[in-house]
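# Architecture at a glance
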Number of protein chains: 4
Amino acid sequence: MSDRKAILVIGAGDATGGAIARRFAREGYIACVTRRTADKLQPLVEQIRADGGEAHAFGSDARKEEAMVSLVETIERDIAPIEVAVFNIGANVRFSITETTARVYHKVWEMACFSGFLMGRETAKVMLPRGRGTIIFTGATASVRGREGFAAFAGAKHALRALAQSMARELWPKNIHVAHTVIDGSIDTEWIRTNFPESYAKKDRQGILSPDSIAEAYWQIHRQPRDAWSHETELRPWMESW
Amino acid sequence: MSDRKAILVIGAGDATGGAIARRFAREGYIACVTRRTADKLQPLVEQIRADGGEAHAFGSDARKEEAMVSLVETIERDIAPIEVAVFNIGANVRFSITETTARVYHKVWEMACFSGFLMGRETAKVMLPRGRGTIIFTGATASVRGREGFAAFAGAKHALRALAQSMARELWPKNIHVAHTVIDGSIDTEWIRTNFPESYAKKDRQGILSPDSIAEAYWQIHRQPRDAWSHETELRPWMESW
Amino acid sequence: MSDRKAILVIGAGDATGGAIARRFAREGYIACVTRRTADKLQPLVEQIRADGGEAHAFGSDARKEEAMVSLVETIERDIAPIEVAVFNIGANVRFSITETTARVYHKVWEMACFSGFLMGRETAKVMLPRGRGTIIFTGATASVRGREGFAAFAGAKHALRALAQSMARELWPKNIHVAHTVIDGSIDTEWIRTNFPESYAKKDRQGILSPDSIAEAYWQIHRQPRDAWSHETELRPWMESW
Amino acid sequence: MSDRKAILVIGAGDATGGAIARRFAREGYIACVTRRTADKLQPLVEQIRADGGEAHAFGSDARKEEAMVSLVETIERDIAPIEVAVFNIGANVRFSITETTARVYHKVWEMACFSGFLMGRETAKVMLPRGRGTIIFTGATASVRGREGFAAFAGAKHALRALAQSMARELWPKNIHVAHTVIDGSIDTEWIRTNFPESYAKKDRQGILSPDSIAEAYWQIHRQPRDAWSHETELRPWMESW
């Protein structure tokens with residue numbers, strides 16, 4: 001039992017979270033994947049199992065404190081110690097400032113930032129006594145730059161980055177590797193395929209980020225030796241202008 | 001009536017907000033100052049009046065959408081057009097990540113960021129049809145850097161900065177000057193005097209920011225000609241290390 | 001004699017340097033203006049004198065150490081103590097990396113950076129014993145971001161910014177205000193008028209920076225009280241996208 | 001012959017450059033290593049050969065254009081196409097601004113920046129027709145922040161970073177991966193061992209960067225798939241405060 005170790009991926013409903021879970025499962029990590037409702041995670045769980053890995057799906061509302069507390073407790077008690085935690089919930093919306101409702105502004109922050117705080121805090125709590133662990137927050141260009149129409153989304157992403165930085169400065173010296181990524185470009189997902197066919201058309205020339213490439217980067221961050229850790233890693237396609 | 005113009009200062013309960021109100025009142029702006037309860041604003045209002053200015057105090061919870069909507073409506077209808085809006089609510093708390101409660105994390109964001117969103121949106125709404133105005137958000141070092149113990153405060157401040165940037169990119173081309181300050185250092189307040197006597201002791205050598213100096217900087221930002229606007233202005237004492 | 005104080009403007013051949021000299025001359029500073037050959041500075045000197053100010057033109061190659069040493073010595077001995085020094089030499093060239101010759105790369109650095117180092121060091125030397133002074137370096141967007149075609153120019157500008165930052169951290173606690181500006185946008189000059197008529201056409205709508213507005217910003221930086229100094233100030237037209 | 005590929009490491013005299021050469025040699029790259037005089041490189045060459053790799057040492061003054069041109073030509077003609085180029089020359093000196101001589105300021109720039117420009121340009125020239133390659137520049141904390149005493153060093157490092165950014169924006173769309181690292185912390189070298197015994201004492205607890213860990217990071221940058229490239233990678237020990 002002592003060798004078992006889990007990766008928790010909050011927000012595994014999209015292609016990126018799924019690819020990260022698969023990548024770590026391939027290395028022997030037990031993938032604990034969540035989204036609001038568990039049933040949509042079945043194909044991912046089956047795929048990991050078919051590849052010889054172990055996976056568990058959880059329906060859990062990441063914005064609810066009790067749900068996050070209970071999720072982490074359940075995994076630690078029934079499955080395995082959480083060695084790696086990945087926060088991967090986005091909430092990309094676009095509204096002019098005068099058309100941004102208080103409800104939208106609050107909701108985007110709850111999904112893309114507050115949930116990250118809950119995951120970060122709860123997993124830090126179980127990692128600290130073990131003096132070991134990796135916590136990665138997924139960011140975007142909006143994490144580092146505000147833009148017309150993105151007051152809500154950039155606000156949540158900036159706050160998540162501040163969380164990652166604050167946690168890193170506190171937890172690195174306790175041997176917990178807190179990292180943040182800045183994904184700059186479209187990711188190859190069903191949603192992009194449908195809504196942005198021009199972006200998707202760059203796929204043949206690798207002009208769109210593949211979830212597997214992102215997953216590989218997360219794996220490399222996790223396996224960095226602690227004398228040379230990265231905090232922030234930016235990833236963008238070779239064709240992307242920036 | 002056409003010459004009358006107001007400055008709205010949200011969070012005028014501290015020394016900085018008060019100094020800003022006084023500085024603009026000296027230039028003929030009608031100071032509309034708020035904090036949660038209006039009565040504590042009376043000394044400020046009286047001081048402005050004694051100096052020959054006009055001032056109005058409002059008790060208003062900046063975190064409540066209806067309160068902000070009604071505040072802006074009242075001033076526009078009964079007092080004067082809001083030419084300048086300043087957001088000045090802080091919420092500097094320090095907790096390790098595991099000791100940051102969900103309540104604190106949420107509350108700090110509500111006070112230091114969500115209120116700013118409400119003020120920014122509501123004042124933008126009245127400025128846009130006039131094609132004119134200045135909106136300034138007060139930031140701090142935590143706006144640009146996370147730090148151990150500051151997950152909540154830095155999160156709110158980063159999000160506020162993202163709001164200011166997003167609004168600037170949208171509203172500058174509509175002749176509304178959105179700006180953000182980064183105040184880096186202690187400010188000469190009652191609170192610092194009491195809690196950080198060593199910081200306060202630097203006052204004689206001007207090693208602590210005077211609210212009047214900050215107010216002067218805000219006035220200068222407001223009067224910049226539009227062919228040479230600043231978005232972000234950092235202010236720190238000459239003795240401060242950074 | 002004790003009230004006399006000089007401003008040294010290195011690179012006053014263009015509109016910006018000239019406007020800065022005029023602005024400070026209006027406040028009683030003796031304008032000491034330089035460019036490679038002094039004769040082209042005569043119109044500026046005459047204009048300042050016609051406005052009731054005092055001005056002196058120097059032909060001086062800012063890239064030559066002995067020339068800079070001698071310039072500062074001459075002003076200090078024969079004219080007045082240098083209270084303010086402004087570095088304003090640009091060298092905006094654009095070449096793809098493979099077409100950037102070693103000569104161009106070196107020359108751009110010499111003009112836009114090494115000269116700034118010489119001015120900064122020599123004026124710091126005379127200001128330090130007096131414990132007083134302001135040194136401002138003019139930057140551009142290329143100071144903070146590299147871009148295709150700008151390896152040489154961005155290199156020099158980044159290095160100048162590093163100089164300004166390093167000097168600020170060393171000299172602020174000695175009461176010398178070292179500042180850096182980031183001018184983001186076209187400036188209204190003869191050169192823009194001729195080469196970029198579309199940029200120039202924005203002038204009526206103040207979509208192009210006026211040298212006088214930049215000069216005003218420099219004046220405001222200089223007169224900041226030392227409890228609230230800015231190090232970096234960005235200036236851009238309201239219409240500029242960023 | 002078609003499978004043969006070289007890595008060029010400019011500045012392989014220190015531990016980091018040597019470790020990078022060894023890491024890539026282990027993957028089949030022919031290590032072409034340089035420093036001012038070739039003889040000191042013999043132990044490195046022998047070590048790589050003993051491990052079954054191929055290595056060639058060159059004495060070459062990286063600051064001389066003809067030397068760099070000839071070096072790249074020689075390798076391309078006699079050894080193998082340069083697939084990877086790494087610039088690794090530092091020049092960390094510390095002087096107060098008034099004690100920084102023009103000679104030191106110029107020299108530090110020549111070593112730590114101008115040489116990098118020459119390497120970058122010459123290797124880009126041979127990579128462009130092949131539409132393939134990786135160019136990595138080694139940076140430091142001084143690449144992103146000026147500091148008291150570091151006007152010369154930070155200037156060169158900032159300029160090198162501007163070069164890397166400008167080259168990346170130009171060459172990424174041509175399938176050449178230009179990257180920059182920010183090494184933040186002491187590296188385990190003979191020099192640190194001798195001059196900073198307290199830094200060195202952290203070695204047991206991995207509080208000092210190991211050249212092998214840095215080399216591994218460079219290898220990972222090189223093998224990133226082009227749909228998810230990093231431009232800037234920061235590396236620092238878990239114990240380092242930042």
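Structure's up top.
Here's a quick rundown of the structure. All values derive from a computational prediction rather than experimental measurement.

Definitions and limits used
- Residues numbered from 1 in each chain as written.
- Chains lettered and ligands numbered in written order.
- Predicted model: local features only at pLDDT ≥ 70, side-chain atom pairs only at ≥ 80, totals over all residues.
- Heavy atoms only, no water.
- Contact = heavy atoms within 4.5 Å.
- Buried area = accessible area lost by both parts, 1.4 Å probe.
- Salt bridge = Lys/Arg side-chain N within 4 Å of Asp/Glu carboxyl O.
- Polar contact = N/O pair within 3.5 Å; in protein donor to acceptor, adjacent residues only side chain to side chain.
- Axes fitted to C-alpha atoms, helices over the stretch in contact; angles between N-to-C directions.
- Helix = DSSP H or I, 4+ residues; strand = E, 2+ residues; numbered from the N terminus.
- Parallel < 35°, antiparallel > 145°, perpendicular 65-115°, else oblique.
- Left-handed = near helix turned anticlockwise from the far one by under 90°.
- Nonpolar A, V, L, I, M, F, W, Y, C, P; charged D, E, K, R; others polar.
- Least-squares fit on C-alpha atoms with pLDDT ≥ 70 in both.
- Patch = residues over 30% accessible without salt bridge, like charges linked within 9 Å, V, L, I, M, F, W, Y side chains within 5 Å.
- Areas by Shrake-Rupley, 256 points an atom, 1.4 Å probe, with all protein chains shown as cover.
- Lys, Arg positive; Asp, Glu negative; His and termini not counted.
- Charge placed at Lys NZ, Arg CZ, Asp CG, Glu CD.
- Buried < 20%, exposed > 50% of the residue type's maximum accessible area, 1.4 Å probe, protein only.
- Pairing = 2+ DSSP bridges.
- Right-handed = clockwise from strand over helix to strand, strands pointing away.
- 1 Å grid on protein atoms, 1.4 Å probe; cavity = no way out; pocket = protein on both sides within 12 Å on 5 of 7 lines; lining within 4 Å.
- Points joined across faces, edges and corners; volume = space filled by probe spheres on them.
- Phe/Tyr/Trp six-rings, centres within 6.5 Å; stacked < 30°, edge-to-face > 60°.
- Lys NZ or Arg CZ within 6 Å of the ring centre and 35° of its normal.

Time to look at the interface of chain A and chain B. Interface size is often expressed as the accessible area that is lost when the parts come together. The interface of chain A with chain B comprises 37 residues on the first partner and 36 residues on the second. Roughly 3,200 Å² of surface becomes buried between chain A and chain B when both sides are summed, with 68% attributable to carbon and sulfur atoms. Of all residues in chain A, the largest losses of buried area upon contact with chain B belong to I97(A), Y105(A) and E170(A), amounting jointly to 21% of the total for that side. One can count 0 salt bridges joining chain A with chain B. Along the contact surface separating chain A from chain B lie 11 residue pairs in polar contact (both at pLDDT 80 or more).

Residues and elements named next belong to chain B. Closest axis-to-axis distance for the helix α1 (residues 15-26)/helix α2 (residues 42-50) pair is 10 Å, and the angle between their directions is 20°. Taken together, the axis directions place α1 and α2 in an arrangement best described as roughly parallel. In this structure, α1 crosses over α2, and the sense of that crossing is right-handed. Contacts between α1 and α2 involve G18, A21, R22 and A25 on the former and, on the latter, L44, Q47 and I48. When grouped by side-chain class, the residues that make up the contact of α1 with α2 number 4 nonpolar, 2 polar and 1 charged.

Mapping chain A onto chain B is achieved by rotating through 180° and translating by 0.0 Å along the same axis, at an RMSD of 0.0 Å. What the rotation and shift describe, once combined, is the action of a two-fold rotation axis. Taken as a fraction of all interface residues of chain A, those also at the interface in chain B reach 97%, which identifies the copy contact as same-surface.

Looking now at a positive patch on the surface. Judged by side-chain charge, R94(A), R145(A), R147(A), R94(C), R145(C) and R147(C) come together as a positively charged surface patch. Following the sequence through the fold, R94(C) ends up in the loop between β4 (82-87) and α4 (102-130).

Each partner contributes residues to the interface: chain C has 37 residues there, and chain D has 36 residues. Contact between chain C and chain D buries roughly 3,300 Å² in total, counting both sides, with carbon and sulfur atoms accounting for 68%. Ranking the residues of chain C by area buried against chain D places I97(C), Y105(C) and E170(C) at the top, with a combined share of 21%. Our count for the chain C to chain D interface comes out at 0 salt bridges. Summed over the shared surface of chain C and chain D, the number is 11 residue pairs in polar contact (both at pLDDT 80 or more). Secondary structure elements with two or more residues in the side of chain C that touches chain D: α4 and α5 (151-171) of chain C. For the side of chain C that touches chain D, the element with the most residues is α5(C), which contributes 13 residues. Each residue belonging to the side of chain C that touches chain D can be placed in one class, and the counts come to 18 nonpolar, 11 polar and 8 charged.

Turning chain C through 180° and shifting it by 0.0 Å along the axis lays it on chain D, with an RMSD of 0.0 Å. A shared binding surface is used by both copies, with 97% of the interface residues of chain C retained as interface residues in chain D.

Turning to the side chain of S115(D), a few remarks are in order. All names here are of chain D. Within the secondary structure layout, S115 lies in helix α4 (residues 102-130). Looking at S115, the relative accessible area reads 0%, which means it is buried. Among the polar contacts made by the side chain of S115, one reaches the main-chain carbonyl oxygen of M111 at a distance of 3.3 Å. Excluding residues that lie within four positions of it along the chain, S115 makes contacts with A62, R63, M68, F87, I89 and E110.

Within the secondary structure layout, A159(C) lies in helix α5. Judged by its relative accessible area of 0%, A159(C) falls in the buried class. Placed 10 residues apart in sequence, A159(C) and G149(C) show a C-alpha to C-alpha distance of 17 Å. When near neighbours in sequence (up to four residues on either side) are disregarded, A159(C) contacts C113(C), Y105(D), G155(D), H158(D) and A159(D).

Turning to the pairing of strand β2 (residues 30-35) of chain A, a few remarks are in order. Residue and element names in this part refer to chain A. By the criterion of burial, β2 is predominantly enclosed, with 5 of the 6 residues buried. Pairing geometry for strand β1 (residues 6-10) and β2, over 5 bridges, is parallel. Across the sheet, residue I10 finds its bridge partner in β2, namely T34. After leaving β1, the chain enters helix α1 (residues 15-26) and then returns to the sheet as β2, a path that is right-handed. Bridge analysis of β2 against strand β3 (residues 55-59) gives 5 bridges, and the strand direction is parallel. Paired with C32 across the two strands is H56, which belongs to β3. The handedness of the β2 to β3 crossover, carried by helix α2 (residues 42-50), is right-handed.

Before going further, it helps to examine the layout of surface pockets. Volume-wise, the second largest pocket comes out at about 400 Å³. Surrounding the second largest pocket, 23 residues form its lining, Q220(A), I221(A), Q224(A), Q220(D) and I221(D) being those nearest its centre. Across the lining of the second largest pocket, the residue classes break down as 9 nonpolar, 10 polar and 4 charged.

Residues and elements named next belong to chain C. Within strand β5 (residues 133-140), 8 of the 8 residues are buried, which leaves the element mostly enclosed by the surrounding structure. Side chains G133, I135, F137 and G139 project from β5 onto one buried face, and the interleaved T134, I136, T138 and A140 project onto a second face that is buried too. Between β4 and its parallel partner β5, the chain crosses via α4, and the hand of that crossover is right-handed. Both β5 and strand β6 (residues 176-183) contribute to a ladder of 8 bridges, which runs parallel. What sits directly across from I135, in β6, is V178. Note on the crossover from β5 through α5 to β6: the handedness is right-handed.

Residue and element names in this part refer to chain B. Within the element layout of this structure, E73 appears in helix α3 (residues 65-79). Classification of E73 by relative accessible area gives partly exposed; the value is 47%. Sequence separation between E73 and V126 is 53 residues; the distance between their C-alpha atoms is 8.9 Å.

Turning to the pattern of salt bridges, a few remarks are in order. All names here are of chain C. Considering all chains together, one arrives at 76 salt bridges over all chains under this definition. In this structure, R63 and D61 form a salt bridge, with 2.9 Å as the shortest nitrogen-oxygen distance. Exposure class is identical for R63 and D61. Each is buried.

Another point: the packing of aromatic side chains. Taken as a whole and assessed by the stated rule, the structure comprises 54 aromatic pairs over all chains. Taking the centre distance of 5.2 Å and the plane angle of 80° together, the rings of W172(C) and W229(C) count as edge-to-face. Remark: W229(C) occurs in the loop between α8 (211-223) and β7 (232-235) and W172(C) occurs in the loop between α5 and β6; sequence separation between them is 57 residues. Its relative accessible area of 0% is what places W172(C) among the buried residues. On the accessibility criterion, W229(C) (5% relative accessible area) is buried. Three or more aromatic residues link up through ring pairs in this structure, and these residues are Y105(A), W109(A), F114(A), F117(A), Y105(B), W109(B), F114(B) and F117(B). Seen from the ring of W238(B), R226(C) lies directly overhead, with NZ or CZ sitting 3.8 Å from the centre.

Geometric values such as these leave the question of function open.
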